[in-house]
Amino acid sequence: MTATLTRRTTASEGGNVLGVSFRCPYGSRRVPTVPVPPTVPVVQALKRKANAVADAELGRLASRAPSLDAAARAEIRDAVQRVVDAFLYEPINRVTNYADSPLGESYADALRELFSLELPAFGPAGSAG
């Protein structure tokens, strides 16, 4: 008989650090909660925002150049994605490398301010709200 795992997220007291623990419904064995660095939500928000900007521009292009065929649209989409990835590489790499240090938190704060990132708010019970 195989056991299924359920995922539970928690928020640290007063912070936005998430942790994940897994519980087997057929036993009482728990894996300890592993905290996720506070830089992770910033990286995720930065990627979401960059993808939203790229999608908006691709949508604008589609309305201005409706005669483009599917192959041309796919090539343009790939080119835009490569530009976005290249642009984000260094900030994401830097904030990730310094995630466990005070410098990582400073980078995360700078990214949050520079790009006006909206991060999800977490209540005391660990649910987004």
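Placed above this text is the structure.
Read on for an overview of the structure. Here the structure is a predicted model, which is why all the values come from computation and not from measurement.

**Some points on helix H2 (residues 70-97)**
For H2, spanning 28 residues, the distance from its first C-alpha to its last is 39 Å, which sits close to the expected 40 Å at 1.5 Å a residue. Of all the bends in H2, the largest measures some 40° and sits at Tyr89, one to four residues before the proline Pro91. Buried residues of H2: Val84, Leu88, Ile92 and Val95, and no others. Tucked inside the fold, the buried residues of H2 contact helix H1 (39-64) and helix H3 (102-114).

**Some remarks on the packing of H1 against H2**
Running from amino to carboxyl end, H1 crosses H2 at an angle of 160°, the nearest separation of the two axes being 10 Å. In terms of their interaxial angle, H1 and H2 are classed as roughly antiparallel. Note that H1 runs across H2; the crossing there is right-handed. Of the residues in H2, those in contact with Thr39, Val43, Leu46, Lys47, Ala50, Asn51, Ala54, Asp55, Leu58, Leu61 and Ala62 of H1 are Arg73, Ile76, Arg77, Val80, Gln81, Val84, Leu88, Ile92, Val95 and Thr96. Per-class residue counts for the contact of H1 with H2 are 13 nonpolar, four polar and four charged.

**Some points on the side chain of Thr39**
Along the chain, Thr39 falls in helix H1. Here Thr39 falls in the buried class, since its relative accessible area comes to 4%. Apart from residues lying up to four places away in sequence, Thr39 is in contact with Val95, Ala99, Gly104 and Ala108.

Reading the values: rules and limits
- Residue numbers run consecutively from 1 along every chain, following the written order of its sequence.
- With the structure being a predicted model, the display of local features is reserved for residues of pLDDT at least 70 and the display and counting of side-chain atom pairs for 80 or more, all residues being used for whole-chain, interface and lining totals.
- Based on all heavy atoms of the structure, the side-chain values leave hydrogens and waters out of the count.
- Counting from the N terminus, the helices are the DSSP runs of H or I reaching at least four residues and the strands are the DSSP runs of E reaching at least two.
- Here the expected span of a helix is defined as 1.5 Å times the quantity of residues minus one.
- Bend, at a single residue, is the angle you get between axes fitted to the 7 residues ending at that residue and the 7 residues starting at it.
- Throughout, exposure labels follow a simple rule: accessible area from a 1.4 Å probe, protein chains only, divided by the maximum for the residue type, with under 20% read as buried, over 50% as exposed, and the rest as partly exposed.
- Residues count as neighbours in contact if any of their non-hydrogen atoms are within 4.5 Å of one another.
- Lines fitted to C-alpha atoms define the axes, with helix axes restricted to the stretch in contact, and inter-axis angles between N-to-C directions lie between 0 and 180 degrees.
- What sets the label is the angle itself: under 35 degrees gives roughly parallel, over 145 gives roughly antiparallel, 65 to 115 gives roughly perpendicular, and the rest give oblique.
- A clockwise turn of the near helix away from the far one marks a right-handed crossing, whereas an anticlockwise turn of less than a right angle marks a left-handed crossing.
- By the convention adopted, Pro, Cys, Tyr, Trp, Phe, Met, Ile, Leu, Val and Ala count as nonpolar, Lys, Arg, Asp and Glu as charged, and the other residues, Gly among them, as polar.

Scope: geometric values only; no functional claims are made or implied.
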